[in-house]
Amino acid sequence: MDHTPVTGRAVSRRRLLTGAAGVAAAGAFAGAVAAPLPASAARDGFGLRIVHPNTNTGRLQYWRFETNEIEWDPAVNILLPEGYHTSGKRYPVLYMLHGGGADFRQFDQIGNLVGNREIIVVMPDASTGWYSNPVSSFAGPRNWETFHMMQLLPWVDANFRTFPEYDGRAVAGFSMGGFGALKYTHKYFGHFCSVSAHSGPASLRRDNGMVVHWANVTSAALDLGGGTVYGAPFWNEARVSADNPMENIERYRDKRIFMVAGTSPELVNGGIKWVSEREVLAGQREFRAALTQAGIPHDAREAPGGHEFRADHFIDDLDGMMARLRRAG
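Nothing here was measured: the structure is a model prediction, and the numbers come from that model. (Residues numbered from 1 in each chain as written. Predicted model: local features only at pLDDT ≥ 70, side-chain atom pairs only at ≥ 80, totals over all residues. Heavy atoms only, no water.)

## Topic: the overall build of the protein chain
Each helix and strand in the protein chain was counted, giving 10 helices and nine strands. The burial tally for the protein chain puts 55% of its 329 residues in the buried class. Carbon and sulfur atoms form 54% of the exposed surface of the protein chain, whose accessible area is close to 12,500 Å². (Helix = DSSP H or I, 4+ residues; strand = E, 2+ residues; numbered from the N terminus. Buried < 20%, exposed > 50% of the residue type's maximum accessible area, 1.4 Å probe, protein only. Areas by Shrake-Rupley, 256 points an atom, 1.4 Å probe, with all protein chains shown as cover.)

So this is what it looks like as structure tokens:
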């Protein structure tokens, strides 16, 4: 098995795709899902133009795209199940979302954790954009939510043998990615049957909006050239409410929910002086209390340590996903 990640360098240039190209690709969606191409023959579509096609014949595939939604060319690693190239089967998909200050390669060793489980794992770029279309950007388009949900997700279903349905998809993430997973799950209710937040914040407004400030400060510094996800000094309140897991509890009903956070006061990313893992844990406790009050089952854990990805808990989480997702076949 080849788990070696294939990497590439982002190309900073304006997009060349026209809106008509995206519309034409969307019109071909139904047929593409019915008869997906071999992984090595993936095509442009849904507003994505492939600028670095995959050349790896192993399990881990690498693609880079040009899109009008992002100023530079975002990438994705896709881990295929053992035997994908010859099995003819369709598979469930896990969207695995990275944390702030990282990129699509954060989980490049995930093949060692997934092992021989029959699941496709999609690991996209997100910069430090908090899985959002920002209120403002001074660095060109940074519409990460649109890129992921309106472009990449249908592109994956069109080009790989997936189950393009609710019971065929799970989403999980670490830190900022854990928030992104929770957000995408409630905001796009019919897309994911399972959601997992590994040290991911679940409450935007608690502690005087600590997570909103965290998102604004880090996105401004690392992604938006001084712009912000939610607006500053005044928030776009409608945007905060639309994204906040705590304000959308009913939209988690009938889903599998997993969350874990550490009990240590270790600072998040070691450099944000006013955010620690204890704030993340407090938000998860608030969220799970609201789920309990609403009668929504969930698997919530607390673990020793700080703001970190815990491989042992992820393996337990992955087994829970596999039990909930539609089986390959």
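## Considering the environment of Ile110
Along the chain, Ile110 falls in helix 4 (residues 110–114). Through-space distance from the C-alpha of Ile110 to that of Met96 is 9.8 Å; in sequence the pair is 14 residues apart. Every residue in contact with Ile110, bar those within four places of it in the chain, is listed here: Leu79, Met96, Val121, Met123 and Phe314. (Contact = heavy atoms within 4.5 Å.)

## Digging into the packing of helix 7 (residues 206–222) against helix 9 (residues 277–293)
Where helix 7 meets helix 9, the axes come as close as 11 Å, and the angle between the chain directions of the two elements is 115°. In terms of their interaxial angle, helix 7 and helix 9 are classed as roughly perpendicular. Here helix 7 and helix 9 pass one another in a crossing that is left-handed. Every residue of helix 9 that contacts helix 7 at Arg206, Asp207, Met210 and Trp214 is listed here: Glu279, Val280, Ala282, Gly283 and Glu286. The class makeup of the residues in the contact of helix 7 with helix 9 is four nonpolar, one polar and four charged. (Axes fitted to C-alpha atoms, helices over the stretch in contact; angles between N-to-C directions. Parallel < 35°, antiparallel > 145°, perpendicular 65-115°, else oblique. Left-handed = near helix turned anticlockwise from the far one by under 90°. Nonpolar A, V, L, I, M, F, W, Y, C, P; charged D, E, K, R; others polar.)

## Considerations on the environment of Pro92
The residue Pro92 is located in the loop between helix 3 (84–87) and strand 4 (93–97) in this model. If near-sequence neighbours (up to four positions away) are discounted, Pro92 is found in contact with Glu118, Ile119, Ile120, Phe163, Gly168, Leu325, Arg326 and Ala328.

## Observations concerning the pattern of salt bridges
One pass over the structure, following the stated rule, counts 23 salt bridges. The closest approach of N and O atoms between Arg205 and Glu237, which form a salt bridge, is 2.8 Å. You can see Arg205 sitting in the loop between strand 7 (194–198) and helix 7 and its partner Glu237 sitting in helix 8 (residues 237–243), a full 32 residues away along the chain. Note on Glu237: relative accessible area 42%, which makes it partly exposed. Its salt-bridge partner being Glu302, residue Arg285 comes within 2.8 Å of it at the nearest N-O pair. Of the two residues, Arg285 is situated in helix 9 and Glu302 in strand 9 (residues 299–303); the sequence distance between them amounts to 17 residues. Connected through shared salt-bridge partners, Glu145, Lys183, Lys187 and Asp243 make up one network. (Salt bridge = Lys/Arg side-chain N within 4 Å of Asp/Glu carboxyl O.)

## Points about the environment of Phe138
By secondary structure assignment, the location of Phe138 is in the loop between strand 5 (120–124) and helix 5 (144–159). C-alpha separation for the pair Phe138 and Gly227, spaced 89 residues apart in sequence, amounts to 5.7 Å. Other than its neighbours up to four places away in sequence, Phe138 contacts Leu224, Gly225, Gly226 and Gly227.

## Focus on unusual backbone geometry
In this structure, Pro233 follows Ala232 across a cis peptide bond, with omega equal to 0°. Topologically, Pro233 is positioned in the loop between helix 7 and helix 8. Unlike most non-glycine residues, Asn208 shows phi in positive territory, near 60°. Checked against the element boundaries, Asn208 lands in helix 7.

## Here's the deal with the pairing of strand 2 (residues 60–66)
Among the seven residues in strand 2, seven count as buried, and that is most of the element. Across the two faces of strand 2 the burial is the same, with Leu60, Tyr62, Arg64 and Glu66 and Gln61, Trp63 and Phe65 all buried. In terms of strand pairing, strand 1 (residues 49–52) meets strand 2 through three bridges, oriented antiparallel. Within the sheet, the bridge partner assigned to His52 lies in strand 2 and is Arg64. (Pairing = 2+ DSSP bridges.)

## What to know about the sheet that holds strand 7
A sheet is described by the order of its strands in space; here nine strands give the open sequence 1-2-3-5-4-6-7-8-9, paired in mixed fashion. The strands lining the two open edges of the sheet, one partner per strand, are strand 1 and strand 9. Taking the axes of each pair of neighbouring strands and ignoring which way they run, one obtains an average angle of 20° across the sheet. Here strand 4 runs beside strand 6 (residues 169–174); their pairing, made up of five bridges, is parallel. What sits directly across from Leu94, in strand 6, is Ala170.

## Section: helix 7
Between its first and last C-alpha, helix 7 extends 24 Å over 17 residues, near the 24 Å set by a 1.5 Å rise per residue. His213 marks the point of greatest bend in helix 7, at about 35°. Every buried residue belonging to helix 7 is among Gly209, Met210, Val211, Val212, Trp214, Ala215, Asn216, Thr218, Ser219 and Ala220, and all of these are buried. In the core, the buried residues of helix 7 are packed alongside helix 8 and helix 9. (Expected span 1.5 Å × (residues − 1). Bend = angle between axes of the 7 residues up to and from the residue.)

Read these as spatial facts, not as claims about activity.
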